[in-house]
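Fold and geometry: a report
Listed here are the chains, written in short residue letters.
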Amino acid sequence: MFQIFLVFFLWDTIFANSQRIVFGYDRQKMLTYIFGLIIVRALVLSSKANEVGGDISRGDIINLLLKPISYVKYWLTRDLSSKGINLIFAVFETILLYFILRPDFFLQGNILLLLSFATSIVLAILIYFLLLFTIGLVPFWVPESAWGISFLMLVVVEFLSGALFPLDILPVSVQSIINFTPFPYLLFFPLQIYLGKVGTLIMLRGIGVSFLWLGVLWLLMRSVWFKGLKSYQAYGR
Amino acid sequence: MSNNFKAEAEKTIIVERLVKNFELIEKKDGILNSFLSIVAPKKKSITALKDISFTIDQGELIGFIGPNGAGKTTTLKILSGLLYPTSGFTQVLGFTPWDRKPEFLKEISLVMGQKNQLWWDLPAIETLKLNQAIYELSDSVFRRNLNELTDLLEVGKLLNTQVRQLSLGQRMRLELIASLLHSPKVLFLDEPTLGLDVVAQQKVRDFIFDYNRRNKATIILTSHNMDDLIDLAKRVIVIDKGEILFDGNLQKLVEEFAKEKVIKLYFSKNTDIKKLEEIGKIKRINLPQVILAVPREVAAIAASEILQNFPVADLTVEEEPIEDVIRRVFKGEITRKEKRLLKPKASDE
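Residues numbered from 1 in each chain as written. Chains lettered and ligands numbered in written order. Predicted model: local features only at pLDDT ≥ 70, side-chain atom pairs only at ≥ 80, totals over all residues. Heavy atoms only, no water.

Named according to an unreviewed UniProt entry, chain B is ABC transporter.

This part takes up the UniProt feature "domain: ABC transporter" (unreviewed entry) in chain B. When the UniProt feature table is mapped to this numbering, "domain: ABC transporter" (unreviewed entry) covers residues 33-266 of chain B. With 39% helix and 26% strand, the stretch residues 33-266 of chain B has end C-alpha atoms that lie 64 Å from each other. (UniProt positions renumbered as here; feature names shortened; annotations may be inferred. Helix = DSSP H or I, 4+ residues; strand = E, 2+ residues; numbered from the N terminus.)

Let's shift gears to helix α5 (residues 71-101) of chain A. Residue and element names in this part refer to chain A. Compared with the 45 Å implied by 1.5 Å per residue over 31 residues, the 43 Å span of α5 between its first and last C-alpha is a close match. Tyr71, Val72, Tyr74, Trp75, Asp79, Ser82, Lys83, Ala90, Thr94, Leu97 and Leu101 are the residues of α5 that are buried. After α5 finishes, the residue arginine 102 shows a positive phi value of roughly 50 degrees. (Expected span 1.5 Å × (residues − 1). Buried < 20%, exposed > 50% of the residue type's maximum accessible area, 1.4 Å probe, protein only.)

We now examine the packing of helix α6 (residues 139-153) of chain B against helix α7 (residues 168-180) of chain B. All names here are of chain B. For the pair α6 and α7, the least separation of the axes is 10 Å and the interaxial angle reads 155 degrees. Our classification of the angle between α6 and α7 gives roughly antiparallel. Both α6 and α7 take part in a crossing whose hand is right-handed. Two secondary-structure elements touch here, α6 through Leu146, Leu149, Thr150 and Leu153 and α7 through Arg173, Leu176, Ile177 and Leu180. In terms of residue class, the contact of α6 with α7 is made up of 6 nonpolar, 1 polar and 1 charged. (Axes fitted to C-alpha atoms, helices over the stretch in contact; angles between N-to-C directions. Parallel < 35°, antiparallel > 145°, perpendicular 65-115°, else oblique. Left-handed = near helix turned anticlockwise from the far one by under 90°. Contact = heavy atoms within 4.5 Å. Nonpolar A, V, L, I, M, F, W, Y, C, P; charged D, E, K, R; others polar.)

Over its 26 residues, helix α6 (residues 111-136) of chain A runs 37 Å from end to end, which matches the ideal 38 Å to within 8%, given 1.5 Å per residue. For α6 of chain A, the N-terminal cap is asparagine 110 of chain A; the gap from its side-chain oxygen to the backbone nitrogen of leucine 112 of chain A is 2.9 Å. (Polar contact = N/O pair within 3.5 Å; in protein donor to acceptor, adjacent residues only side chain to side chain.)

Moving on, we get to the domain arrangement of chain B. Domains assigned within chain B are domain 1 (3-253) and domain 2 (260-319). Here domain 1 of chain B and domain 2 of chain B have C-alpha centroids that lie 44 Å from each other. (Domains from an automatic or database assignment.)

Moving on, we get to the environment of asparagine 86 of chain A. Mapped onto the fold, asparagine 86 of chain A is located in helix α5. Along the sequence, asparagine 86 of chain A and leucine 201 of chain A sit 115 residues apart, while their C-alpha atoms lie 32 Å from each other.

Now for the interface of chain B and chain A. Contacts between the two partners involve 24 residues from chain B and, on the opposite side, 20 residues from chain A. Buried surface at the junction of chain B and chain A, summed over both partners, amounts to about 2100 Å²; 58% is from carbon and sulfur atoms. When residues of chain B are sorted by the area they lose upon contact with chain A, Leu82, Tyr84 and Arg100 of chain B head the list and together hold 29% of the total. At the junction of chain B and chain A, the tally comes to 0 salt bridges. (Buried area = accessible area lost by both parts, 1.4 Å probe. Salt bridge = Lys/Arg side-chain N within 4 Å of Asp/Glu carboxyl O.)

A few words now on the sheet that holds strand β2 (residues 42-56) of chain B. Residues and elements named next belong to chain B. Across the sheet, 3 strands lie side by side as β2-β1-β4; this open sheet has antiparallel pairing. Two strands lie at the open edges of the sheet, namely β2 and β4 (87-92), each paired on one side alone. Adjacent strand axes in the sheet meet at a mean angle of 35 degrees when their direction is disregarded. Judged from the 5 bridges that link them, strand β1 (residues 13-26) and β4 form a sheet pairing that is antiparallel. Bridging from a neighbouring strand, valine 15 pairs with threonine 90 of β4. Taken strand by strand, helix α3 (residues 72-79) contacts β1, β2 and β4, and its axis lies near 70 degrees from that of β2. (Pairing = 2+ DSSP bridges.)

Here you go:
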């Protein structure tokens, strides 16, 4: 919440002259980006899967391994239900902030873009889940690493996903490298679609890259999972 | 399906030449050593199970005993599919445990005294309903099993209480219900009475006995509680340092491992008890009664010697109490030497 105010007033000051365009954003779109972040963050970045590492290093995973239930699907279900709850709060928060700050929003009217936006959100949710889940499996080998490694992951995600600033204010060369990683497809890319800032071709390419990452991460997760189970020592309990 | 037929034709549990090695990373104290262990970890391999073999029939209730760190829990974890063994053959109900097939997991349960599966912030009934969904139990089966279990364990009134507000004994009994709701055919119990008071222990014990009989369930029990073993297990497997030292009837364990016999004496008049020390170890003096422990081989000679030299009103020669033998097992005093002597006898079971 506090962070939102900070970011809002920062950009509000930069766009004090309402005709001004910075990095290709006018005042309205930048503020929509900031507000869109609240909703998209609540959907994508609020994840239960960051508890997987702790579950494994504490040994609570034993309860689930003993049951006829898939561990991945169990966490995906918990993930999605917690997102549901988060979304309710995020909508509430947005409405509240809207009335406090009274910005003029950019409303996307193109149905096709809205559908693509929704698709990119679903992809982002799954990619982020797989990233966190796979990272959460490291404690199979190094039980004490649970907290550190997921924290490192959060820092990287925060910076490279566009949670702090729109990524297209970075130099083009840096952007093109970042675009090969899965991170910009978590927040930045969906919001770009919503704001109508990408052409059809780039949009399709972005969705294609997201699908590719989804597949790669799925395979990676499965291989790490099976290797992890083999070296799991189920200490203590 | 073919797996089920296979299981009926064969033993419920087969373990052959099972070996499990663990790799440990050694860390010395201090910050410098912590860094060193990251850069160049010192790995140490520990053999938790060395080549163990046994089979168990359907409906058997077996006590698994041995000192701490003997390999009991490791064996149970392998049998329930939590750990991959280093080598060896293991089959439970016709399945390879670590494949963790849903059909296998629906038929087993592992209960650990120090493990919680109940959701801490919710009443127990919520966890039980979640388990109903996970094990795909119909409402009628769920109701029937739940009523039966709550009656047996006398916890019907506690189902709607938040778990964090329950006492340890109450919680343990509800944990048992959560683990047994799907009526597993094979049950692994690791210290099921840990931390319970005497009354609660007895309730859990009666329940295990009953469950074994009613459902023809196969049960392996580990416990450091003497009464658990004496009340429940007919057959015991003694394990220490990853090796099986004895496998057979509990009564036989006493016969085989008891080194001493106990002579109970009632003196008819006062006498110099000190002289008794030359014959055996005085265990208790409560005049006119004296209890004496003598080596098995010389028990008869010792008895006759006492009868000749002391004013004895009554004398009985008894086996060493079962508790004492088991206590020696827990202390790890039963050694491999004895095992070698025993082997031919134990294997013709």
